[in-house]
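Spelled out, the chains give:
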Amino acid sequence: MMKDPVTIPTGITYDRESIEKWLFTDKNKNCPVTKQVLSNPDLTPNHTLRRVIQSWCTLNASNGIERVPTPKPPVNKSQIIKLLKDAKSPQMQINCLKRLRSIASASETNKRCIESSGGVEFLASLVKNNTTSTTSVEACDHDGFEFTKPSDEALSILFSLQLSESALKSLNAKNGEFIDSLLNILQVGCYESRAYAMLLLNSILEVEEPAQLVALKPEFFVELVQILHDQISPKATKAALQLLINVGPWGRNKLKAVEAGAVKVLVDLLLDSSEKRACEMILTALDQLCQCADGRAELLKHGAGLAVVSKKILRVSKVGSDRAVRILLSISKYSASPSVVQEMLQLGVVSKLCLVLQVDSGSKAKEKAREILKLHARAWKNCSCIPMSLLSSYPS
């Protein structure tokens, strides 16, 4: 039953919470019924239908039906602008932040109103100004999840707004060095703020232009790896993994990540991780880093590098198996010293690859597994687990 019916420009009425989720959270741009593209997704309250629903509830109260309360009207731009304008002193800023959080939590429409009324710039300025100040970082109240600095509260509200792509793109452009401010929080912030900074950083860089990704500083990767090492929260860890995957292909980012210690941390994470999606992301990141010589060297230097990668084959998913086999192929093609080839044999890699050929592991994984076996067929020719039909096509 609808609690707050609203009509969109196509003339169709929906419950506010449902259509807001469809448009703003799920990022859809069309009407669910007519499929018509909504260039201006204004939501107009359908008071007539709401009154009919309330009347029906009243008539059926004897059957245990509770009357739908009259919803509060969404906030308007003039209210937000006045609220931001009045936030001049530190205490008024704190009061403003509390009010903004309350407004944002009420509805998705309110979040979009804050975004379009200058709220993003206001919150970003608080984050930037407080992180560049010389005042010491105060402790966080982990039990109550309360923030002791305006910048902490502003950061959490910024993330909760689930900013549109245009707002994310302008965030760094209009507030110079905002990414540097987020990196500063990753360095010295409390756990909650570091998590929010990581999540917001991931959202911003997902929509940034390639030039911005190429220009990422080595310090960026140091903090990214530290987040992975500290595992401050599952969401922050996955955001860091996704960010590492997204920026890896650009410029010298693979090398920067390797130099920051990413390979060792990723292998350690893989040793401890059993969750499917996390393993897939870790293997994907390792696959990228092993495309450079330094990345392969770091994997081989780790005592459990080859072992844990081969162990994940056929134990995670088809995607996970494909990424793991790709890593082994990179090692086999470019870094296969006699000792490495022998280690792969001792670890049971040969048996695993032969199993990949026999089960439903995906055509790409099978092709790569076959290529690895052929690359080292001469060294492994006495291994009874390798099918003779495979070795017969390779010169002895």
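The structure this text deals with has already been given above.
An account of the accompanying structure is given in this report.

Definitions and cut-offs
Residues numbered from 1 in each chain as written. Predicted model: local features only at pLDDT ≥ 70, side-chain atom pairs only at ≥ 80, totals over all residues. Heavy atoms only, no water. Helix = DSSP H or I, 4+ residues; strand = E, 2+ residues; numbered from the N terminus. Buried < 20%, exposed > 50% of the residue type's maximum accessible area, 1.4 Å probe, protein only. Contact = heavy atoms within 4.5 Å. Salt bridge = Lys/Arg side-chain N within 4 Å of Asp/Glu carboxyl O.

Turning to its location among the elements, Asp322 is positioned in helix 19 (residues 318-334). Classification of Asp322 as buried rests on a relative accessible area of 10%. Those residues in contact with Asp322 that sit more than four places away from it in its chain are Lys364, Ala365 and Lys368.

Once the charged atoms of two side chains with opposite charge are near each other, the side chains can pair. Enumeration according to the criterion identifies 18 salt bridges in this entry. Among the salt bridges present, the one from Arg16 reaches Asp4, with a minimum N-O distance of 2.7 Å. Here Asp4 lies in the segment before strand 1 (5-7) and Arg16 lies in helix 1 (residues 16-25), a separation of twelve residues in the sequence. When sorted by exposure, Arg16 lands in the same class as Asp4, which is buried. When the shortest N-O distance is used, the salt bridge between Lys333 and Glu371 registers 3.3 Å. One end of the pair, Lys333, is in helix 19; the other, Glu371, is in helix 22 (residues 363-375), with 38 residues separating them in the sequence. Overall, the relative accessible area of 41% leaves Lys333 in the partly exposed class. A cluster of three or more residues bridged by salt bridges with shared partners is formed by Glu108, Lys111, Arg112 and Glu115.

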